[in-house]
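The lines below spell out each chain.
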Amino acid sequence: MTQTTGRLIDGNALSKQLRAEVAQRAAALKARGITPGLAVILVGDNPASQVYVRNKVKACEDSGLHSVLEKYEASMTEAQLLARIEALNNDPAIHGILVQLPLPAHIDAHKVIEAISPAKDVDGFHVASAGALMVGQPGFWPCTPYGCMKMLESINYDLKGKHAVVIGRSNIVGKPMALMLLGQNATVTVCHSATKDLKAMTLQADVIVAAVGKRNVLTADMVKPGAVVIDVGMNRNDEGKLCGDVDFEGVKQVAGWITPVPGGVGPMTITMLLVNTMEAAERVAAA
Ligand code: NAP
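Being a predicted model, the structure only gives us computed values, none of them experimental.

Focus: the sheet that holds strand β1 (residues 7–8)
- Here 6 strands make up an open sheet; going across it, the order is β1-β11-β8-β7-β5-β6 and the pairing parallel. The open sheet is flanked by β1 and β6 (187–191), the only strands paired with a single partner.
- Two elements, strand β5 (residues 163–167) and strand β7 (residues 207–210), share 4 bridges in a ladder whose sense is parallel. For Val-166, the partnering residue across the bridge sits in β7 and is Val-209.
- Against the sheet, helix α7 (residues 174–183) makes contact with β5, β6 and β7, and its axis sits at roughly 170° relative to β5, the strand it touches most.

Below is the structure:
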């Protein structure tokens, strides 16, 4: 019998395939004398951030991209950081600039992101990138929702006319996710902490994207049979293991497709950073 519920969208497998494509594109560009380059800036010693930047740098190297990790003391001033960004904006060997968030409290993260040239904004957090997404112009899409779109594409899911419910409205996940789904002609509902009856919303959904940061925000009784469920959340369960926002074991009995945590959206986020950096380098090469 063909399985019709709980089919996995495997972020590791899809990432592997997309990273192989990036490696091919990087090799083709290198043959023309251009090595795609990503600069990653880490200020301070946040342990989670240290792991994230290490993974990003390693992923670049594995795909043949050049990467530079710049680590600074938490005491670095905002002016010093802005000066580094200005230098990287003008460095022809660097095509993408990523400032790992959060930054120490004395540094204005918004000001720092806005200092990155939009042409090198491979995280897609600059207001110019957000604006380009909103009006449907070329720009860099934030990596996490971009990765979710690739996951839907990987199962040939046609969003046209479907009802997508996004839970969460952050600038880096929920809002850009909603715009991307809208761009593919889905009817989109965005839910947040003030949403009155979340279950009433999610039960109508053909696609649910959970991006909250709380365990079990989505349980089986909240999901329409056959719906596609994408779990962006990263939380710890009682045993300290990584888990998402979705009650995976329950929801997979009802959903048509579901992404696991770990091994779902997480690896896709880094993959889309590589894709964006590649794209940035190719744009320079084409100019
Ligand atoms: P965030 O900025 O904290 O936003 C969370 C959103 O969830 C907010 O919009 C909030 O509503 C909403 N929310 C909170 N409680 C809710 C509830 N009970 N019902 C409905 N909505 C609720 O978080 P984020 O940066 O978007 O990240 C969300 C999650 O994704 C986190 O677990 C984060 O670690 C994870 N994440 C994963 C990746 C990855 O690569 N896998 C990347 C980025 C983020 P209000 O706006 O009303 O406060």
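Structural notes on the site of the ligand
- Residues in contact with the ligand amount to 20 residues; listed here are only the nearest, Arg-169, Ser-170, Ser-193, Lys-214 and Thr-269.
- In this structure, an oxygen atom belonging to the ligand sits 2.5 Å away from a side-chain N or O atom of Ser-193.
- One nitrogen or oxygen atom from the side chain of Lys-214 is found 2.9 Å from a nitrogen atom belonging to the ligand.
- Protein chains shield 70% of the accessible area of the ligand, which is 930 Å² for the free molecule.
- Broken down by element, the residue count for the shell around the ligand peaks at 3 residues, all from helix α10 (residues 265–286).
- Looking at the shell around the ligand residue by residue, the classes come out as 8 nonpolar, 10 polar and 2 charged.

Considerations on the layout of surface pockets
- By volume, the second largest pocket is sized at about 200 Å³.
- In this structure, the second largest pocket is lined by 13 residues; those nearest its centre are Cys-243, Gly-244, Val-246, Asp-247 and Phe-248.
- Partitioned by chemical class, the residues of the lining of the second largest pocket number 6 nonpolar, 3 polar and 4 charged.

About the criteria used
Residues numbered from 1 in each chain as written. Predicted model: local features only at pLDDT ≥ 70, side-chain atom pairs only at ≥ 80, totals over all residues. Heavy atoms only, no water. Pairing = 2+ DSSP bridges. Helix = DSSP H or I, 4+ residues; strand = E, 2+ residues; numbered from the N terminus. Contact = heavy atoms within 4.5 Å. Axes fitted to C-alpha atoms, helices over the stretch in contact; angles between N-to-C directions. Near = heavy atom within 4 Å. Polar contact = N/O pair within 3.5 Å; in protein donor to acceptor, adjacent residues only side chain to side chain. Areas by Shrake-Rupley, 256 points an atom, 1.4 Å probe, with all protein chains shown as cover. Nonpolar A, V, L, I, M, F, W, Y, C, P; charged D, E, K, R; others polar. 1 Å grid on protein atoms, 1.4 Å probe; cavity = no way out; pocket = protein on both sides within 12 Å on 5 of 7 lines; lining within 4 Å. Points joined across faces, edges and corners; volume = space filled by probe spheres on them.

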